[in-house]
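# Descriptive structure summary
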Amino acid sequence: MDGITGENIHEEIVTVCAENIKDSGIPTTSIFIISNYDPSVGEFDKLMDAIFKTLPQNKKEALLYSIPPLSHQVIKEKKKWLMRRAYRVSVLSATGTAIPIPMLDLCVDLPILQFEIRFYMKEFSLTEDKINHTCDKLKIEDQKLLSKLPHYQSLLV
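Okay, so let's go over this structure. Owing to the predicted nature of the structure, the values given are computational and were not obtained by experimental measurement.

What follows deals with the nonpolar core. Residues F44, M48, F52, L64, I67, V74 and W81 constitute the largest nonpolar core, which totals seven residues. Once residues within four sequence positions are removed from consideration, F52 is found in contact with K60, L63, L64, Q73, V74 and E77.

Phi at S125 is positive, roughly 55°, even though this residue is not glycine. Counting through the fold element by element, S125 comes out in the loop between α5 (104-123) and α6 (128-138). With relative accessibility at 18%, the residue S125 sits in the buried group.

Turning our eyes to something else, we now look at the pattern of salt bridges. In the structure shown here, the tally under the stated rule is six salt bridges. For E123, the salt bridge goes to K78, with nearest N and O atoms at 2.5 Å. Placement of the pair is E123 in helix α5 and K78 in helix α4 (residues 72-98), with a sequence separation of 45 residues. Across the pair, K78 and E123 agree in class, each one buried. E123 is paired through a salt bridge with K122; the nearest N and O atoms lie 3.5 Å apart. Under the relative-accessibility criterion, E123 is labelled buried at 3%. Each of the salt bridges in this network shares a partner with another, and the network as a whole consists of K78, K122 and E123.

Calculation notes
Residues numbered from 1 in each chain as written. Predicted model: local features only at pLDDT ≥ 70, side-chain atom pairs only at ≥ 80, totals over all residues. Heavy atoms only, no water. Core = buried A, V, L, I, M, F, W, Y, C linked by side-chain atoms within 4.5 Å. Buried < 20%, exposed > 50% of the residue type's maximum accessible area, 1.4 Å probe, protein only. Contact = heavy atoms within 4.5 Å. Helix = DSSP H or I, 4+ residues; strand = E, 2+ residues; numbered from the N terminus. Salt bridge = Lys/Arg side-chain N within 4 Å of Asp/Glu carboxyl O.

Below you can see the structure in the form of structure tokens.
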């Protein structure tokens, strides 16, 4: 090898970027090297953490609902926001049971529950098309991946 490693290239890119933006007032701690092809390469988790810390709540929520679960940081944030959403949905569901009409609670709860399950599956890329895409990308059979998710099929009904 010629002595060039991923670490050397990473440091050189950060140095060049820092030199190019030094007069702009942007701190060099705000430089994150990421890969467009593979989120596990580079500092994607650090970038997402920095973004989540600086965004206001409504923009953070919009961002989380618009991006797939690309990293551990994104998955943790999505889980946190979906837990908050579950609380709000449960309050909505409770209003249906407050009106004393027979079977109204069932008519309210079932569509809400069905919608929310599908929404959560979509947020974590657990839809059938996303799983097929992941299997194609990883070059594994979908049944092998689905065997790791034992309750997945029951949610597709």
